[in-house]
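Structural features, examined
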2 protein chains.
Amino acid sequence: MIEVNINQLVGILTEQILKEFIEVEASGRHVHLNRAAIDQLFGKGYKLTKDRDLSQPGQFVCKERVAVIGPKGRFENVVILGPERSETQVEISLTDSIALGVKAPIKESGNLSGTPPIKLATHLGEIDLEYGVIAAKRHIHMNPDDAVRFDVKDKNIVRVQLYGNRPLIFDDVLIRVSDKYRTYMHIDYDEANACGFEKGTLARIIKKGT
Amino acid sequence: MIEVNINQLVGILTEQILKEFIEVEASGRHVHLNRAAIDQLFGKGYKLTKDRDLSQPGQFVCKERVAVIGPKGRFENVVILGPERSETQVEISLTDSIALGVKAPIKESGNLSGTPPIKLATHLGEIDLEYGVIAAKRHIHMNPDDAVRFDVKDKNIVRVQLYGNRPLIFDDVLIRVSDKYRTYMHIDYDEANACGFEKGTLARIIKKGT
């Protein structure tokens, strides 16, 4: 007979079980700006200022805000995420899409072909984007070690159970693997509300990728 | 060897397969009014007028509209569903909940204990409700024949696959059986947006009830 320290056993079991889970974050509407947009909206050569870090290394919330203006409505004080990118991108939910009157396609971040136009404005200036509005496809950022552990590969589509207070399973979650990532699942606020998301909601991959 | 009429075969197979599916409807924010609220908002003895029928027998959209007013925001021209009920009930999404500043609990329709207060108004009058705001728990209305066919009972909780363009599985869908119902699944607009709902989106029960 083996003598077991119960506290230690509970600790080991908890750690083993939690390894199966991924923390979920809900992304509100936000924009990423390129150099041309920053120049236009804040002045030539302006540098965005960091307000706070995000979970993904190097990514941050800026102190600056911007208005997003569609044919049917506008949102004031929309969050800008830094750092500066090569292309300006506006990420909204489908609820926002209806309020703005812009038909945002469900797309992976950075995949802007065929996306609709929108206007951005500050009190200093404005810019008419010819394209760049998306509703971000739900996804899991994963570092390469976790990808091995979960047995998934970059661009896999997996089925993920969410443990919010309105339990559901997303059947089409994109895996993105990079050593620049920390492992987090990202959903928008329509999805967050549909699953009863709260800070600390966990997810588990229940069917591996194709 | 049996000779088969291909068109007939396709027809039979299609019918068999479609029997497995349930049509989904997305419910926008709306209110049900009792006599006291109608008197207050439209005048003593006022009768709501039907604009169009809903899928559920006897239920209809009214021509009248009402403002829903919370501590942080208001919605104008909110739909009233008839007929008159014994209790006034305001059904909103969790997105609406945030905009109004009212914490709507996820509840089955009619289950109003512990729900928060809200104000309703028209140009003729207003009423402060002491309770009655819910985010409706996702559910399937089912007639008794379909309940037998799907092998579920009233108040069962089932797992349901949605075939929208953002495929997902709701893990906590309430079954309501009544001979007053036609078989339809009802979700709110957060859920509709999370699953990429469009008119004609179908659902299938993939795990039976408990």
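About the cut-offs
Residues numbered from 1 in each chain as written. Chains lettered and ligands numbered in written order. Predicted model: local features only at pLDDT ≥ 70, side-chain atom pairs only at ≥ 80, totals over all residues. Heavy atoms only, no water. Helix = DSSP H or I, 4+ residues; strand = E, 2+ residues; numbered from the N terminus. Buried < 20%, exposed > 50% of the residue type's maximum accessible area, 1.4 Å probe, protein only. Contact = heavy atoms within 4.5 Å. Areas by Shrake-Rupley, 256 points an atom, 1.4 Å probe, with all protein chains shown as cover. Lys, Arg positive; Asp, Glu negative; His and termini not counted. Charge placed at Lys NZ, Arg CZ, Asp CG, Glu CD. Salt bridge = Lys/Arg side-chain N within 4 Å of Asp/Glu carboxyl O. Least-squares fit on C-alpha atoms with pLDDT ≥ 70 in both. Buried area = accessible area lost by both parts, 1.4 Å probe. Polar contact = N/O pair within 3.5 Å; in protein donor to acceptor, adjacent residues only side chain to side chain. Phe/Tyr/Trp six-rings, centres within 6.5 Å; stacked < 30°, edge-to-face > 60°. Pairing = 2+ DSSP bridges. Domains from an automatic or database assignment. Nonpolar A, V, L, I, M, F, W, Y, C, P; charged D, E, K, R; others polar. Patch = residues over 30% accessible without salt bridge, like charges linked within 9 Å, V, L, I, M, F, W, Y side chains within 5 Å. Disulfide = S-S within 2.5 Å.

The next point concerns the overall build of chain A. Each helix and strand in chain A was counted, giving 5 helices and 15 strands. In terms of its C-alpha atoms, chain A occupies a principal-axis envelope of roughly 75 × 30 × 30 Å. Taking all 210 residues of chain A together, 48% fall into the buried category. Taking the intrachain contacts of chain A between residues at least 6 apart in sequence as the baseline, contacts between residues at least 24 apart amount to 66%. Roughly 11000 Å² of accessible area belongs to chain A as shown, and the carbon and sulfur atoms make up 52% of that amount. In chain A, 29 positive and 29 negative side-chain charges are present, and the distance between their average locations comes to 2 Å.

A few words on unusual backbone geometry. Residue and element names in this part refer to chain A. In this model, Gly82 is joined to Pro83 through a cis peptide bond whose omega is 0 degrees. Assignment of secondary structure puts Pro83 in the loop between β5 (74-82) and β6 (89-91). Even without glycine at this site, Asn77 takes up a positive phi of about 55 degrees. Considering the arrangement of structural elements, one finds Asn77 in strand β5.

Counted by the stated rule, this structure contains 32 salt bridges over all chains. A:Arg166 serves as the salt-bridge partner of B:Glu191, at 3.0 Å between the closest nitrogen and oxygen. Here B:Glu191, found in helix α5 (residues 189-194), pairs with A:Arg166, found in the loop between β12 (157-162) and β13 (168-177), and the two come from separate chains. Three or more residues joined by partner-sharing salt bridges are found here, namely A:Arg138, A:Asp172, A:Asp188, A:Glu191 and B:Arg166.

Two copies of one chain are present, and they are related through a rotation about an axis combined with an axial shift. Expressed as a screw operation, the relation of chain B to chain A combines 0.0 Å of axial shift with a rotation of 180 degrees, fitting to an RMSD of 0.0 Å. When the rotation and shift are considered jointly, the pair of chain copies conforms to a two-fold rotation axis. Comparing interface residues between copies, 100% of those in chain B also sit at the interface in chain A, which points to an isologous, same-surface contact.

The next subject is the interface of chain B and chain A. Often the size quoted for an interface is simply the accessible area lost on bringing the parts together. Listed by partner, the interface residues are 21 residues for chain B and 21 residues for chain A. Counting the surface lost from both chain B and chain A, the interface buries some 1800 Å², and carbon and sulfur atoms represent 51% of this. If you look at where chain B meets chain A, you find 4 salt bridges. Residue A:Arg166 pairs with B:Asp188 through a salt bridge whose shortest N-O separation is 3.4 Å. Summed over the shared surface of chain B and chain A, the number is 17 residue pairs in polar contact (both at pLDDT 80 or more).

Considering all chains together, one arrives at 4 aromatic pairs over all chains under this definition. Between A:Phe21 and A:Tyr163 the ring centres are 5.4 Å apart and the planes differ by 65 degrees, which places this aromatic pair in the edge-to-face class. Of this pair, A:Phe21 sits in the loop between α1 (6-18) and β1 (22-27) while A:Tyr163 sits in the loop between β12 and β13, and the two are 142 residues apart along the sequence. Taking the relative accessible area as the measure of exposure, A:Phe21 reaches 22% and is therefore partly exposed. For A:Tyr163, a relative accessible area of 36% gives the class partly exposed. Seen from their ring centres, B:Phe42 and B:Tyr46 are 5.3 Å apart, and the 25 degrees between their planes marks the pair as stacked.

This part covers the side chain of A:Arg159. Here A:Arg159 shows up in strand β12. Within the structure, the side chain of A:Arg159 is placed 2.6 Å from the side chain of A:Asp171, a separation counted as a polar contact. Beyond its immediate sequence surroundings of up to four residues, A:Arg159 is in contact with A:Ile169, A:Phe170, A:Asp171, A:Arg204, A:Ile205, A:Ile206, A:Lys207, B:Gln161 and B:Ile169.

Another aspect to go through is the pairing of strand β3 (residues 50-53) of chain A. Taken residue by residue, a regular strand's side chains alternate between the two faces of the sheet. Residue and element names in this part refer to chain A. One ladder, built from 3 bridges, connects β3 with strand β4 (residues 60-69); its direction is antiparallel. Across the sheet, residue Arg52 finds its bridge partner in β4, namely Val61. The antiparallel pairing of β3 with β4 creates a hairpin that spans 6 residues between the two strands, and Gly58 there sits at a positive phi of about 85 degrees.

A few words on the domain arrangement of chain A. Residue and element names in this part refer to chain A. What the domain assignment lists for chain A is domain 1 (28-136) and domain 2 (138-206). For domain 1 versus domain 2, the separation of C-alpha centres amounts to 23 Å. For the domain 1 and domain 2 pair, buried surface summed over both sides reaches about 920 Å², with 45% attributable to carbon and sulfur atoms. For domain 1, the biggest contributors to the area lost against domain 2 are Ser55, Gln56 and Glu108; these three give 52% of the whole. Where domain 1 packs against domain 2, one counts 1 salt bridge. Put simply, Arg176 and Glu108 hold a salt bridge, and the shortest N to O gap is 2.0 Å. The class makeup of the residues in the side of domain 1 that touches domain 2 is 3 nonpolar, 5 polar and 1 charged.

All names here are of chain A. Among the surface-exposed residues, Ile6, Leu9, Val10, Leu13 and Ile17 lie close enough to one another that they form a single nonpolar patch of about 460 Å² accessible area. In this fold, Leu9 is placed in helix α1. Judged by relative accessible area, Leu9 falls into the partly exposed class, the value being 37%.

The next point concerns the state of the cysteines. Summed over the entire model, instances satisfying the criterion amount to 0 disulfides over all chains. A:Cys195 carries a free sulfur, and the closest cysteine sulfur to it, the one in B:Cys195, is 13 Å from it. By relative accessible area, A:Cys195 is classed as buried at 0%.

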